[in-house]
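# Coordinate inspection notes
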Amino acid sequence: MAIEKIQLNIFGLPEEKSPIYKEINNNVYIIYPSLQYETIFEMIQWAVNHIMDDRSFISGPLYELISDLALVKFYTNIDLDAIDLADFNIPTIYEWYDILQGHGIIATIKEEIDPQQKDFFFRTLEKTLKSLVDYRNSAVGVLEKI
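Now for a look at the structure at hand. Everything numeric here is computed off the predicted structure, so don't read it as measured data.

In this section: the pairing of strand β1 (residues 20-24). For β1 and strand β2 (residues 27-31), the ladder comprises five bridges, and the chain directions are antiparallel. The residue bridging Glu23 from the neighbouring strand is Val28, located in β2. Counting the residues that bridge the hairpin from β1 to β2 gives two residues, and of these Asn25 lies at a positive phi of roughly 50°.

Turning our eyes to something else, we now look at the environment of Lys110. Structurally, the position occupied by Lys110 is in helix α4 (residues 105-112). As a C-alpha pair, Lys110 and Val72 span 38 residues in sequence and 9.5 Å in three-dimensional space. Apart from the residues within four sequence positions on either side, Lys110 is in contact with Asp68, Leu71, Lys118 and Phe122.

Below, the discussion takes up helix α3 (residues 90-102). Taking 1.5 Å per residue as the helical rise, α3 with its 13 residues ought to reach 18 Å, and the 19 Å between its terminal C-alpha atoms agrees with that figure. Those residues of α3 lying buried are Thr92, Ile93, Trp96, Tyr97 and Leu100. Taken down its axis, α3 places every buried residue within 140° of arc, on the same side. Seen from the buried face of α3, the exposed residues on the opposite side, beyond 90 degrees, are Pro91, Asp98 and Gly102. Contacts from the buried residues of α3 go to α2 (60-75) and α4. Among the residues trailing α3, Gly104 stands out with phi positive, at a value near 70°.

According to the stated counting rule, one finds five aromatic pairs in the structure shown. Aromatic side chains Trp46 and Phe74 sit 6.2 Å apart centroid to centroid with 70° between the ring planes, which places their arrangement in the edge-to-face category. Of the two residues, Trp46 is situated in helix α1 (residues 37-51) and Phe74 in helix α2; the sequence distance between them amounts to 28 residues. Since its relative accessible area comes to 7%, Trp46 is described here as buried.

Quick look at the pattern of salt bridges now. All told, the structure shown has seven salt bridges when counted by the stated rule. Its salt-bridge partner being Asp84, residue Lys73 comes within 3.6 Å of it at the nearest N-O pair. A residue pair is termed long-range when its members are at least 10 positions apart, and Lys73 in helix α2 and Asp84 in the loop between α2 and α3 qualify at eleven residues. Connected through salt bridges with shared partners, the residues Lys73, Asp81 and Asp84 form a single ionic network.

Note on placement: Thr108 falls in helix α4. In this structure the side chain of Thr108 is engaged in a polar contact, spanning 2.8 Å, whose partner is the backbone oxygen of Gly104. Setting aside its immediate chain neighbours within four residues, Thr108 contacts Lys22, Tyr29 and Ile31.

Of the voids in this model, the largest pocket is the one considered here, and its volume is about 390 Å³. What lines the largest pocket is a set of 15 residues, among which Pro14, Glu16, Ser34, Leu35 and Gln36 lie closest to the centre. Each residue belonging to the lining of the largest pocket can be placed in one class, and the counts come to seven nonpolar, four polar and four charged.

Conventions adopted
Residues numbered from 1 in each chain as written. Predicted model: local features only at pLDDT ≥ 70, side-chain atom pairs only at ≥ 80, totals over all residues. Heavy atoms only, no water. Pairing = 2+ DSSP bridges. Helix = DSSP H or I, 4+ residues; strand = E, 2+ residues; numbered from the N terminus. Contact = heavy atoms within 4.5 Å. Expected span 1.5 Å × (residues − 1). Buried < 20%, exposed > 50% of the residue type's maximum accessible area, 1.4 Å probe, protein only. Arc of directions from axis to C-beta. Phe/Tyr/Trp six-rings, centres within 6.5 Å; stacked < 30°, edge-to-face > 60°. Salt bridge = Lys/Arg side-chain N within 4 Å of Asp/Glu carboxyl O. Polar contact = N/O pair within 3.5 Å; in protein donor to acceptor, adjacent residues only side chain to side chain. 1 Å grid on protein atoms, 1.4 Å probe; cavity = no way out; pocket = protein on both sides within 12 Å on 5 of 7 lines; lining within 4 Å. Points joined across faces, edges and corners; volume = space filled by probe spheres on them. Nonpolar A, V, L, I, M, F, W, Y, C, P; charged D, E, K, R; others polar.

Don't take any of this as a statement about function, it's just geometry.
Right, dumping it as structure tokens:
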């Protein structure tokens, strides 16, 4: 007996989860519990662009900081767009990270967002960075630098 195939699009997109509103010092920010995977791919690319540099390894602290800031940038309405400007200075990132950590914002985001998406982001970001480092350290990568 042949099983009739059905079109995938008949299921429709998953229902959007309602935003979560959090207040700190009389200021409200929004956490979006889930994103479309297209946006998560953009988030991975954003993080890779800010983590990778000319070194042949990945800095652990930089990985943590940028991956956490990616969660803030993409899963909330907190404005971190200045990071992408050419004249942005690194000490500001540290100040922002102190603010976000000090108020528990990063921990709250990690608790509130879809666990499958969070796992997908961290797992694939790590694999992407590893493959880029492996390539850079390979004979082909070294020759490309020369």
